[in-house]
Amino acid sequence: MELNENWWFLHRSDRPDVKCWVSQELIDLGGDASLTYPIDNPHLVLPFTTQPYEALKDVRATRTGNQVTVSWAPFDWLPGDQSYQDKYLVEVWICLNGEHVFRAYSTNNTSITFTDEQTCSEASHGRAFGSDKHGYTRWVSIPWP
């Protein structure tokens, strides 16, 4: 396992081909930190789709107090590319409880709302992807409100 702020990048010893991200809030290592080690690049490259999808279009964000809503234009999968995973991924580096943290959100909707406090010294930012069963589209920077 590798730690990336509040996310774990899991490697299964019995199945080296199986790797995935899991929120630290959803698992308990039982206090055995020897199973973890830091990674050199905390923003590992996602597998990109082999299909001819373009990056998401019309990505925009609005803010109402500490609530930020990111939205985008929908895209259609090619026949056979639908997946059991959500169609969109939003990665953000935001301010929560006075700390700058990484969060990843997935959805099948064309918008997502989350909390971003305005008390951190570091600027919040993010990026949005589409996905299919092969991987992710190129990312688009979110114009932060």
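The model shown is predicted, which means the values in this text are computed figures rather than measured ones.

Asks: What am I meant to see in the nonpolar core here?
Replies: The nonpolar side chains of a soluble globular protein tend to be buried with one another. Membership of the largest hydrophobic core comes to 20 residues, with the highest contact counts inside it found for Leu56, Val59, Val70, Trp72, Val90, Phe114 and Ile142. At the level of elements, strand E6 (67–71), strand E7 (88–96) and strand E9 (111–115) are the ones that each hand at least two residues to this core. Considering each element in turn, this core owes the most residues, five residues, to E7. Those residues within four positions of Ile142 in sequence are excluded, and the remaining contacts are Val59, Ala61, Val70, Val90, Val92, Gly126, Arg127 and Ala128.

Asks: So what exactly am I meant to see when it comes to the pattern of salt bridges here?
Replies: Close approach of charged atoms allows side chains with opposite charge to pair. Under the definition given, this model contains three salt bridges. Of the charged contacts, one joins Glu54 and Lys57 as a salt bridge, the two residues approaching to 2.6 Å between their closest N and O atoms. Classification of Lys57 as partly exposed rests on a relative accessible area of 47%. Its salt-bridge partner being Glu91, residue Arg127 comes within 2.6 Å of it at the nearest N-O pair. Taken together, the residues Arg127 in strand E10 (residues 125–132) and Glu91 in strand E7 connect sequence positions 36 residues apart. For the pair shown, Arg127 and Glu91 are each scored as buried.

What counts and how
Residues numbered from 1 in each chain as written. Predicted model: local features only at pLDDT ≥ 70, side-chain atom pairs only at ≥ 80, totals over all residues. Heavy atoms only, no water. Core = buried A, V, L, I, M, F, W, Y, C linked by side-chain atoms within 4.5 Å. Buried < 20%, exposed > 50% of the residue type's maximum accessible area, 1.4 Å probe, protein only. Helix = DSSP H or I, 4+ residues; strand = E, 2+ residues; numbered from the N terminus. Contact = heavy atoms within 4.5 Å. Salt bridge = Lys/Arg side-chain N within 4 Å of Asp/Glu carboxyl O.

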